[in-house]
Amino acid sequence: MPAAYLTLLTISIGSVWIYLRASADVPFVLAALTAVVCFIWGFALAPWLVQLFIIGLVLSLDKFYLSKAGRLGGN
């Protein structure tokens, strides 16, 4: 894997961690924007096999979310 893809992935994960820990507005927004930009940029640089894996992961997470929402609404 290219070093640029791994670097952007690391920055994105670090920004998500800061986003979850920040309480002030400015670091909160900056961390969220950095995470989104680095994830999209890293996705564009990733090999096609990694892109397919990420797409499959996102689609499978959507199914889990919808099934949990249906169970919670039925109780």
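Residues numbered from 1 in each chain as written. Predicted model: local features only at pLDDT ≥ 70, side-chain atom pairs only at ≥ 80, totals over all residues. Heavy atoms only, no water.

**A look at the UniProt feature "transmembrane region" (unreviewed entry) in the protein chain**
Right, on to step 1. UniProt annotation of "transmembrane region" (unreviewed entry) refers to residues 5–22 and 28–61 when read in the numbering used here.
Right, on to step 2. The distance separating the terminal C-alpha atoms of residues 5–22 is 25 Å; by composition the span is 94% helix and 0% strand.
Right, on to step 3. The straight-line gap between the two end C-alpha atoms of residues 28–61 is 24 Å; of that span, 94% is helix and 0% is strand. (UniProt positions renumbered as here; feature names shortened; annotations may be inferred. Helix = DSSP H or I, 4+ residues; strand = E, 2+ residues; numbered from the N terminus.)

**Observations concerning a nonpolar patch on the surface**
Right, on to step 1. Taken together, the side chains of Leu6, Leu9 and Ile13 make up a nonpolar region of the molecular surface, amounting to roughly 250 Å² of accessible area.
Right, on to step 2. If you trace the backbone, Leu6 turns up in helix α1 (residues 3–21). (Patch = residues over 30% accessible without salt bridge, like charges linked within 9 Å, V, L, I, M, F, W, Y side chains within 5 Å. Areas by Shrake-Rupley, 256 points an atom, 1.4 Å probe, with all protein chains shown as cover. Salt bridge = Lys/Arg side-chain N within 4 Å of Asp/Glu carboxyl O.)

**Some details on the packing of α1 against helix α2 (residues 25–45)**
Right, on to step 1. Across the interface, α1 lies against α2 with an axial gap of 8 Å and an inter-helix angle of 155 degrees. Here α1 is positioned roughly antiparallel relative to α2, judged by the angle of their axes. As for how α1 packs across α2, the hand of that crossing is left-handed. Packed against α1, whose contacting residues are Ala4, Tyr5, Leu8, Ile11, Ser12, Ser15, Val16, Ile18 and Tyr19, the element α2 presents Phe28, Ala31, Ala32, Thr34, Ala35, Cys38, Phe39, Trp41, Gly42 and Leu45 at the interface.
Right, on to step 2. For the contact of α1 with α2, the class distribution of residues is 15 nonpolar, four polar and no charged. (Axes fitted to C-alpha atoms, helices over the stretch in contact; angles between N-to-C directions. Parallel < 35°, antiparallel > 145°, perpendicular 65-115°, else oblique. Left-handed = near helix turned anticlockwise from the far one by under 90°. Contact = heavy atoms within 4.5 Å. Nonpolar A, V, L, I, M, F, W, Y, C, P; charged D, E, K, R; others polar.)

**Things to note about the side chain of Ser12**
Right, on to step 1. Among the secondary structure elements, Ser12 is positioned in helix α1.
Right, on to step 2. Under the relative-accessibility criterion, Ser12 is labelled buried at 7%.
Right, on to step 3. Beyond its immediate stretch of four places on either side in the chain, Ser12 contacts Ala35, Cys38 and Phe39. (Buried < 20%, exposed > 50% of the residue type's maximum accessible area, 1.4 Å probe, protein only.)

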